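Each chain, written out:
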Amino acid sequence: DYEINQHIPMIKACGYSDAKVAAVTSWPNSRLFDERERALLGFVDQMVRGGDVDDATFADFSAKFTPEEIVEIAATVSNYVSTGLYVKAIRLELEKDGRQAFMGKC
């Protein structure tokens, strides 16, 4: 919840629609994502559930992203997984004063 709260203002600043943001949690059943986005979401979904990305998912992902992008995406995902564990462990509370975490451009 904390990460979602922090990143929704960012993704909206990047031009994503409310419908697309809402569909992320049910992306396999959504027609809002293109093939590249679906490959990314499939990889991330498996990575955050323990890191065991199956061969078919990795093949699809690696066909659509460069080796450099793959390293950057995997590093970012692992950082956010660890941040989520950290936030949960220290019982960090969501801001309740209405402020946005991100102010600026995409």
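Definitions and cut-offs
- Residues numbered from 1 in each chain as written.
- Predicted model: local features only at pLDDT ≥ 70, side-chain atom pairs only at ≥ 80, totals over all residues.
- Heavy atoms only, no water.
- Helix = DSSP H or I, 4+ residues; strand = E, 2+ residues; numbered from the N terminus.
- Buried < 20%, exposed > 50% of the residue type's maximum accessible area, 1.4 Å probe, protein only.
- Contact = heavy atoms within 4.5 Å.
- Polar contact = N/O pair within 3.5 Å; in protein donor to acceptor, adjacent residues only side chain to side chain.
- 1 Å grid on protein atoms, 1.4 Å probe; cavity = no way out; pocket = protein on both sides within 12 Å on 5 of 7 lines; lining within 4 Å.
- Points joined across faces, edges and corners; volume = space filled by probe spheres on them.
- Nonpolar A, V, L, I, M, F, W, Y, C, P; charged D, E, K, R; others polar.
- Salt bridge = Lys/Arg side-chain N within 4 Å of Asp/Glu carboxyl O.

Chemist: Explanation requested: the environment of Glu-69 in the structure shown.
Modeler: Relative to the elements of secondary structure, Glu-69 occurs in helix H5 (residues 67-89). For Glu-69, a relative accessible area of 28% puts it in the partly exposed group. Not counting residues within four places of it along the chain, the set of residues in contact with Glu-69 comprises Arg-36 and Lys-64. Of note is the side chain of Glu-69, whose polar atom sits 3.1 Å from the side chain of Arg-36.

Chemist: What's the story with the layout of surface pockets in this structure? I'm lost.
Modeler: Over the atoms rolls a probe the size of a water molecule, and in doing so it shows where empty space is left. A volume near 1700 Å³ is recorded for the largest pocket. Around the largest pocket, the lining is made up of 34 residues, and of these His-7, Ile-11, Val-24, Leu-41 and Val-44 lie nearest the centre. The element that contributes the greatest number of residues to the lining of the largest pocket is helix H3 (residues 35-48), accounting for 7 residues. Classifying every residue of the lining of the largest pocket gives 23 nonpolar, 4 polar and 7 charged.

Chemist: Mind showing me how you'd approach the side chain of Glu-37 here?
Modeler: With respect to the helices and strands, the residue Glu-37 is situated in helix H3. Owing to a relative accessible area of 18%, Glu-37 belongs among the buried residues under this scheme. When sequence neighbours within four positions are dropped, the list of residues in contact with Glu-37 reads Tyr-16, Lys-20 and Leu-32.

Chemist: Just to check I follow, could you spell out the environment of Gly-50 for this structure?
Modeler: Mapped onto the secondary structure, Gly-50 falls in the loop between H3 and helix H4 (55-64). Under the relative-accessibility criterion, Gly-50 is labelled exposed at 60%.

Chemist: Even after reading the chapter, I still don't get the pattern of salt bridges, so can you show me in this structure?
Modeler: In a structure, side chains of opposite charge can pair up when their charged atoms sit close to one another. Applying the stated criterion to the full structure yields 5 salt bridges. Across the pair Arg-49 and Asp-45 runs a salt bridge whose closest N-O atoms are separated by 2.9 Å. Of the residues examined, Asp-45 reaches a relative accessible area of 24% and is grouped as partly exposed.

Purely geometric stuff here, so don't read any function into it on its own.
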